Amino acid sequence: MAYDLKMRVWRGDSRGGDLTDYTVSVEEGEVVLDAIHRLQATQAGDLAVRWNCKAGKCGSCSAEINGRPRLMCMTRLADFHQAETITVTPMRTFPVIRDLVTDVSFNYEKAEQLPSFAPGPPDADGKRRMMQSDVERGQEFRKCIECFLCQDVCHVVRDHEENKPAFAGPRFFLRYAELDMHPLDTNDRRALAQGAAGLGMCNITKCCTEVCPENIKITDNAIIPMKERVVDRKYDPVVWLGSKIFRRDRREEV
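In this text the structure is predicted, and so the values were computed from the model without any measurement.

Caption draft 1: Here's a closer look at helix α6 (residues 170–180). Most of α6 sits out of view: ten of its eleven residues are buried. Within the span of α6, buried status applies to Pro 170, Arg 171, Phe 172, Phe 173, Leu 174, Tyr 176, Ala 177, Glu 178, Leu 179 and Asp 180.

Caption draft 2: Up close: the environment of Met 72. Checked against the element boundaries, Met 72 lands in the loop between β4 (68–71) and β5 (86–89). The exposure class of Met 72 is buried, given its relative accessible area of 1%. Each C-alpha atom of the pair Met 72 and Val 32 lies 5.2 Å from the other, and the pair is 40 residues apart in sequence. Among residues more than four places away in sequence, those in contact with Met 72 are Val 31, Val 32, Leu 33, Ile 36, Val 49, Cys 61, Ala 63, Ile 65, Val 88 and Leu 100.

Caption draft 3: Structural detail: the pairing of β5. Note that strand β1 (residues 2–13) and β5 share three bridges and pair parallel. Note on β5: the bridge partner recorded for Met 7 is Ile 86. Here two bridges tie strand β3 (residues 62–65) to β5, and the two strands are oriented antiparallel to one another. If you follow Glu 64 over to β5, its bridge partner there is Thr 89.

Caption draft 4: Geometry of helix α1 (residues 32–42). Buried within α1 we find Val 32, Leu 33, Asp 34, Ala 35, Ile 36, His 37 and Leu 39. For α1, the elements touching its buried residues are β1, β2 (16–27), β3 and β5.

Caption draft 5: Fine view of the side chain of Gln 151. Here Gln 151 lies in helix α4 (residues 149–153). Of note is the side chain of Gln 151, whose polar atom sits 3.0 Å from the backbone oxygen of Ala 168. Look past the residues within four positions of Gln 151 in its chain and what remains in contact with it is Thr 93, Phe 94, Phe 106, Asn 107, Val 157, Ala 168, Gly 169, Pro 170, Arg 171 and Phe 172.

Caption draft 6: The side chain of Asn 163, seen in detail. Within the secondary structure, Asn 163 sits in the loop between α5 (155–158) and α6. In this view, Asn 163 contacts Val 156, Val 157 and Met 201; residues no more than four positions away in its chain are not counted.

Caption draft 7: Quick look at the nonpolar core. Judged by nonpolar contacts, the single largest core of 65 residues is most densely connected at Ile 36, Met 72 and Val 88. With six residues, α6 is the largest single contributor of residues to this core. When neighbours within four sequence positions are excluded, Ile 36 is seen to be in contact with Met 7, Val 9, Leu 47, Val 49, Met 72, Val 88 and Leu 100.

Caption draft 8: Inspection of unusual backbone geometry at higher detail. Backbone geometry at Glu 146 places phi at a positive 55°, although glycine is not the residue there. By secondary structure assignment, the location of Glu 146 is in the loop between α3 (132–141) and α4. Relative accessible area serves as the criterion here: at 30%, Glu 146 is assigned to the partly exposed category. Positive phi, normally seen in glycine, also occurs at Asn 215, with a value near 55°. Take Asn 215: it is sitting in the loop between α8 (207–211) and α9 (218–235). Judged by its relative accessible area of 56%, Asn 215 is exposed.

Caption draft 9: Representation of the packing of aromatic side chains within the structure. Under the defined criterion, the tally for this structure stands at three aromatic pairs. Between Phe 94 and Phe 106 the ring centres are 6.3 Å apart and the planes differ by 40°, which places this aromatic pair in the tilted class. Taken together, the residues Phe 94 in the loop between β5 and β6 (96–98) and Phe 106 in helix α2 (residues 105–112) connect sequence positions twelve residues apart. The pair formed by Phe 94 and Phe 106 is uniform in burial state, with each residue classed as buried. Their ring planes at 85° and their centres at 5.8 Å tell us that Tyr 108 and Phe 148 sit as a pair that is edge-to-face. Residue Tyr 108 is located in helix α2, and its partner Phe 148 is located in the loop between α3 and α4; the two are separated by 40 residues in the primary sequence. Taking relative accessible area as the criterion, Tyr 108 reaches 46% and is therefore assigned partly exposed. Note that Lys 164 overlies the ring of Phe 106, its terminal NZ or CZ placed 5.4 Å from the centroid.

Caption draft 10: The environment of Val 31, seen in detail. Locating Val 31 in the fold gives a position in the loop between β2 and α1. Residues Val 31 and Arg 76 lie 45 residues apart in sequence; the distance between their C-alpha atoms is 4.2 Å.

Rules behind the numbers
- Residues numbered from 1 in each chain as written.
- Predicted model: local features only at pLDDT ≥ 70, side-chain atom pairs only at ≥ 80, totals over all residues.
- Heavy atoms only, no water.
- Buried < 20%, exposed > 50% of the residue type's maximum accessible area, 1.4 Å probe, protein only.
- Helix = DSSP H or I, 4+ residues; strand = E, 2+ residues; numbered from the N terminus.
- Contact = heavy atoms within 4.5 Å.
- Pairing = 2+ DSSP bridges.
- Polar contact = N/O pair within 3.5 Å; in protein donor to acceptor, adjacent residues only side chain to side chain.
- Core = buried A, V, L, I, M, F, W, Y, C linked by side-chain atoms within 4.5 Å.
- Phe/Tyr/Trp six-rings, centres within 6.5 Å; stacked < 30°, edge-to-face > 60°.
- Lys NZ or Arg CZ within 6 Å of the ring centre and 35° of its normal.

Taken by themselves, the reported measurements are silent on function.
Okay, here's the thing in structure tokens:
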């Protein structure tokens, strides 16, 4: 059954903008992205919106719906009362390009700073082996669709623009953890995570976990274990002593 949906959509660009009221005819069972597309087709042909798969797998249609970071294609109109006004605004943490489209290049810059996967030499038979439990542990981390909703909701950069140069954000702490926990990887990223990536600035409020459309336990399974690994390396006396002995042995070999 069709009904008229009241919407408020942010219109503007990098120079500024404001919310504009619309009434859009929608059908039961549709999602917010359907309403945005119908708005484009009938009233606002110049409305800029980023989307691709409409199936919750590409991460393109991230926005803020009634103030909460969500995927428009996965937010059902049935979640709201038919008389309720739905407000759609761009992700607040990133600069606006136009309307609902934001410049998320910050995230790609952070990705470039992260050392890539570096496996050691294969076994004698040319193969590399790892335990099934290690495979399953990393599988959760690889579910990330890079919608950057976790980055958007993280108050460390959302409320403090000045923190961006020194803070990678939850999406990349997830990647640091994925690689650092991989049993075949040889890179040690713990010092980098603590230093250039700003892991210590995260105070584990779990807001990133709450908005993840893939239900990844970002805080519990990635950020907290990564913090523990960093602490072990930096403050554990046994690890500290071992690193000193290792460095001394290396000097003697040279």
